[in-house]
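# Descriptive analysis of the structure
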Amino acid sequence: MKEKFALKDFVKKHSSIAILLAIVIVAVLPLIFKTSQTRILCRILMYVTLAGSLNLINGYSGQTCLGQAGFFAVGAYTTAILITRFHISFWPLLLLSGIMAALIGVLIALPILRMKGIYLSMVTLGASEIIRTIALNWQSVTGGAFGIKNITRPQIFGLTIDTPQKFAWLFLIVACIFLFVSKRVLSSRIGRAWMAIREGELAAASLGVEVAKYKILNFAYGAFWAGIAGSIYAPYLRYIDSSAFTLDEGFNILSMIVIGGQGTLAGPIVGAVVVNLLTEALRAISNWRYVVYAGLLIFMMWKRPRGLVGENSQVTMVTGEKSIKKNRRKGAVK
């Protein structure tokens, strides 16, 4: 036990070194892995950003969004349409796709500010399905059921990013930027306001937190990073259609933060690794793997409702009672 705690204390004390070492190891893996293994790594790294973006909404502000696949689709289609029809460079489209997804997030958030629980879940789920249906039926723009083909691969300094190894590094860079920026945001007044709303919306409002404003900002921020992930996904596959953004994809993303742990930056990372490796390991049993997923989710909600790396319920109850006062002292509220 002493050795276990000593290792834990060492990692906490030298967290920067541990993080840097982990990034270096992941960056080296594409040079060692086979192409098929590197593709799995690409998916894991993409879902680190994608699941992490949903975690920022569900885990840090307490809102219940089930429509992340819709924001993912907005980012992918924005890049695919503009890059194939207007031959715009990928790099400005990366940011534009995130902004477009954020704007859609704001449009969805505005009419649902007073909704909670199952009602909020159903509206976001419906919004995601509306986005997918538009992509399926707006054939003149999105290609309809035929999708968009021959999406140009990005280039940088004359080098074309055209292999799984190169895309793995791109997904890794974006995931690192996402985690770094999100950590800074969560440590700021904005992040503390989100957490104050999560712990008690009425209490936060009574202490001066502009609940509506911060809820909208939270949706926009989470949607922005989902759009970024979608923007890279389009040229990675070179082909997209609406079947990639179904309700199943939305629940797949949700399962990652449930298994990994909501309200922690490490949770979506663990969840992305576990779910994607399980997908590959259980591929032989086809649709029966969904039974395994369901069983795993039930087990997690029973034994570890906060996820594999989340805080346990007792700790959260104790700290939750003090969070509003702590946020007020740090400046999250007026």
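Look a little higher up for the structure.
The sections below set out a description of the structure shown in this document. (Residues numbered from 1 in each chain as written. Predicted model: local features only at pLDDT ≥ 70, side-chain atom pairs only at ≥ 80, totals over all residues. Heavy atoms only, no water.)

## So, the overall build of the chain
Helix and strand counts for the chain come out as 15 helices and two strands. Classification of the 334 residues of the chain by burial places 46% in the buried group. In the chain, once contacts between residues fewer than 6 apart in sequence are set aside, the share between residues at least 24 apart is 75%. When the accessible surface of the chain is split by element, carbon and sulfur atoms take 68% of a total near 17400 Å². (Helix = DSSP H or I, 4+ residues; strand = E, 2+ residues; numbered from the N terminus. Buried < 20%, exposed > 50% of the residue type's maximum accessible area, 1.4 Å probe, protein only. Contact = heavy atoms within 4.5 Å. Areas by Shrake-Rupley, 256 points an atom, 1.4 Å probe, with all protein chains shown as cover.)

## Remarks on the environment of E210
For E210, the position within the fold is in the loop between α10 (201-206) and α11 (211-237). With relative accessibility at 36%, the residue E210 sits in the partly exposed group. As for E210 and A193, which are separated by 17 residues in sequence, their C-alpha atoms are 8.5 Å apart.

## A word on the pattern of salt bridges
Under the counting rule described, the total for this entry stands at six salt bridges. Note that K166 and D162 form a salt bridge whose closest N and O atoms lie 3.3 Å from each other. Taking the relative accessible area as the measure of exposure, K166 reaches 24% and is therefore partly exposed. (Salt bridge = Lys/Arg side-chain N within 4 Å of Asp/Glu carboxyl O.)

## A few points about unusual backbone geometry
Positive phi, normally seen in glycine, also occurs at H87, with a value near 55°. Within the fold, H87 resides in the loop between α4 (68-85) and α5 (90-109). Of the residues examined, H87 reaches a relative accessible area of 65% and is grouped as exposed. Of note, R238 is a non-glycine position whose phi angle comes to about 65°, a positive value. Looking at the element boundaries, R238 is found in the loop between α11 and α12 (247-260). R238 gets classed as partly exposed once you look at its relative accessible area, which sits at 34%.

## Section: the packing of α4 against α12
Contact geometry of α4 with α12 gives a least axis separation of 7 Å together with a crossing angle of 110°. As summarised for this structure, α4 and α12 are arranged roughly perpendicular, according to the angle between their axes. Along its contact with α4, which presents Q68, A69 and F72, the element α12 presents E249, G250 and I253. (Axes fitted to C-alpha atoms, helices over the stretch in contact; angles between N-to-C directions. Parallel < 35°, antiparallel > 145°, perpendicular 65-115°, else oblique.)

## Quick word on α5
Under the 1.5 Å per step criterion, the end-to-end length of α5 is 28 Å for 20 residues, consistent within 8% with the ideal 28 Å. Looking at the buried side of α5, the elements it contacts are α4, α6 (117-137) and α11. (Expected span 1.5 Å × (residues − 1).)

## Some points on a nonpolar patch on the surface
Residues L20, V24, V28, L31, I32 and W169 make up a contiguous nonpolar surface patch of roughly 580 Å² in combined accessible area. It is helix α2 (residues 15-32) that contributes the most residues to the nonpolar patch, five residues altogether. Tracing the chain through its elements places L20 in helix α2. Its relative accessible area of 54% is what places L20 among the exposed residues. (Patch = residues over 30% accessible without salt bridge, like charges linked within 9 Å, V, L, I, M, F, W, Y side chains within 5 Å.)

## A few points about α6
Relative to the 30 Å expected for 21 residues at 1.5 Å per residue, α6 spans 31 Å between its end C-alpha atoms, a close match to the ideal helical length. Looking at the buried residues of α6, the elements they touch are α4, α5, α7 (139-142), α11 and α12.

## Concerning the environment of F178
Take F178: it is sitting in helix α8 (residues 164-187). Looking at F178, the relative accessible area reads 1%, which means it is buried. When the C-alpha atoms of F178 and S53 are compared, they prove to be 8.6 Å apart, with 125 residues separating the residues in sequence. Setting aside residues no more than four positions away along its own chain, F178 makes contact with V48, T49, G52, S53, L56 and W225.

## Overview of the nonpolar core
Counting 84 residues, the largest nonpolar core has F71, Y77, F167, F171, I232 and I240 as the members making the most contacts within it. Broken down by element, this core gets its largest block of residues, 16 residues, from α11. For I240, the residues in contact, after removing those within four places along its chain, are A76, Y77, A80, G147, I148, I151, Y233 and A234. (Core = buried A, V, L, I, M, F, W, Y, C linked by side-chain atoms within 4.5 Å.)

## Examining the packing of aromatic side chains
For any pair of aromatic rings, the description consists of the separation of the ring centres together with the inter-plane angle of the planes. Across all of its chains, the model carries 12 aromatic pairs by this definition. Here W194 and Y221 contribute two aromatic rings whose centre-to-centre distance is 5.9 Å and whose plane-to-plane angle is 45°, an arrangement assigned as tilted. Of the two residues, W194 is situated in helix α9 (residues 189-199) and Y221 in helix α11; the sequence distance between them amounts to 27 residues. Each member of the pair, W194 as well as Y221, is classed as buried. Aromatic side chains Y221 and W225 sit 6.4 Å apart centroid to centroid with 75° between the ring planes, which places their arrangement in the edge-to-face category. With Y221 and W225 both in helix α11 and four residues apart, this pair spans about one turn of that helix. A cation over a ring is seen here: K213 above Y214, with NZ or CZ 5.2 Å from the ring centre. (Phe/Tyr/Trp six-rings, centres within 6.5 Å; stacked < 30°, edge-to-face > 60°. Lys NZ or Arg CZ within 6 Å of the ring centre and 35° of its normal.)

## Thoughts on the environment of N252
Turning to its location among the elements, N252 is positioned in helix α12. On a C-alpha basis, the gap between N252 and Y293 in space is 9.3 Å, while along the polypeptide they are 41 residues apart. Setting aside residues no more than four positions away along its own chain, N252 makes contact with Y47 and V275.

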